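# Structural characterization, general
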Amino acid sequence: IPKANGGVILSLGKKEDKSQFLPYVPLLAEMGFHLYATSGTGAALDVGEVKLHGKPISWTLLHNAVTQREPNVTSKIKEGVITWVITTPSSRDSQGATAGYFLRRRALEGGCTIVVDLRQACMLIDALYAKWSAERAGDEFWTIQSWQECHRIG
């Protein structure tokens, strides 16, 4: 499970994926994740004007996994800065090794948590945010309770 205060790289392929993911970026920032993005996803963050408490959310550009320019995804994974990779393909038609392929491979080799499906990434962020919110409020998240206690019914 990804830990807050770790680095998460966002590399979302399709334009629709980028726009659907924008509401989840403030949740990651609020939980303390350090945000990194590849160029296309970073541009979508800028255009979407993603904010937390009225202030723009900061993120760091990382060059893709096949470039030698720094900072890049490969070096940050090797350094242990990136611990979570959220990436979706731009298409499923590629017959060759793409930058996305190398990102996923480097992430696996580096022991990162990797999520390649947008819906799963969003559900995981929702779950982590629910856990973080409960613990921040002083409640235990992992407890054994009756249905009524769990949902504060009755």
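I will try to describe carefully the structure that is included in this document. Please read these numbers as outputs of a predicted model, since none were measured by experiment.

## Details of the packing of aromatic side chains
- One pass over the structure, following the stated rule, counts 4 aromatic pairs.
- For the pair Y101 and F102, a centre-to-centre distance of 5.2 Å together with 75° between the ring planes defines the contact as edge-to-face.
- Judged by relative accessible area, which is 34%, Y101 ranks as partly exposed.
- The class of F102 is partly exposed, set by a relative accessible area of 23%.

## Section: the environment of Y129
- Position of Y129 among the secondary structure elements: in helix α6 (residues 118–136).
- Residues Y129 and L45, spaced 84 residues apart in sequence, show a C-alpha to C-alpha distance of 20 Å.

## Topic: the pattern of salt bridges
- Summed over the entire model, instances satisfying the criterion amount to 4 salt bridges.
- The salt bridge partner of E79 is K76, with a shortest N-O separation of 3.5 Å.
- Close ionic contact of R105 with E109 constitutes a salt bridge, the shortest N to O distance being 2.8 Å. On the criterion of helical spacing, the pair formed by R105 and E109 is a turn pair, its members being 4 residues apart in helix α5 (residues 99–109).
- We classify R105 as partly exposed; its relative accessible area is 40%.

## A few points about the side chain of S75
- When you line up the elements, S75 lands in helix α4 (residues 73–78).
- Judged by relative accessible area, S75 falls into the buried class, the value being 12%.
- Reaching out from S75, the side chain makes a polar contact with the side chain of E70 at a distance of 2.8 Å.

## Describing the sheet that holds strand β5 (residues 60–61)
- Within the open sheet, the 5 strands sit side by side as β5-β2-β1-β6-β7. Their pairing is parallel. Each end of this open sheet is capped by a strand with a single partner; those strands are β5 and β7 (113–115).
- Pairing geometry for strand β6 (residues 82–88) and β7, over 3 bridges, is parallel. For V85, the partnering residue across the bridge sits in β7 and is I114.
- Relative to the sheet, α5 contacts β1 (7–12), β6 and β7, its axis offset from that of β6 by approximately 150°.
- Sitting on the sheet, α6 is in contact with β1, β6 and β7, with an inclination near 140° to β6.

## Some thoughts on the pairing of β6
- With 6 of its 7 residues buried, β6 lies for the most part within the structure.
- Alignment of β1 against β6, held across 6 bridges, turns out to be parallel. Bridging across to β6, V8 finds its partner in W84.

## Focus: the pairing of strand β2 (residues 34–37)
- As paired strands, β1 and β2 are joined by 4 bridges and run parallel to one another. The partner of L10 across the bridge, within β2, is A37.

## Here's the deal with α6
- For α6, built from 19 residues, the straight-helix expectation of 27 Å at 1.5 Å per residue is met to within 8% by its first-to-last C-alpha distance of 26 Å.
- All buried positions along α6 are accounted for by L118, A121, C122, I125, L128 and A134.
- Structurally, α6 contributes buried residues whose contacts are with β1, α1 (15–21), α2 (25–30), β6 and β7.
- The N-cap of α6, judged by a side-chain oxygen 3.2 Å from the amide nitrogen of R119 a few residues on, is D117.
- Where α6 terminates, the next one or two residues include G138, which has phi positive at roughly 90°.

About the criteria used
Residues numbered from 1 in each chain as written. Predicted model: local features only at pLDDT ≥ 70, side-chain atom pairs only at ≥ 80, totals over all residues. Heavy atoms only, no water. Phe/Tyr/Trp six-rings, centres within 6.5 Å; stacked < 30°, edge-to-face > 60°. Buried < 20%, exposed > 50% of the residue type's maximum accessible area, 1.4 Å probe, protein only. Helix = DSSP H or I, 4+ residues; strand = E, 2+ residues; numbered from the N terminus. Salt bridge = Lys/Arg side-chain N within 4 Å of Asp/Glu carboxyl O. Polar contact = N/O pair within 3.5 Å; in protein donor to acceptor, adjacent residues only side chain to side chain. Pairing = 2+ DSSP bridges. Contact = heavy atoms within 4.5 Å. Axes fitted to C-alpha atoms, helices over the stretch in contact; angles between N-to-C directions. Expected span 1.5 Å × (residues − 1).

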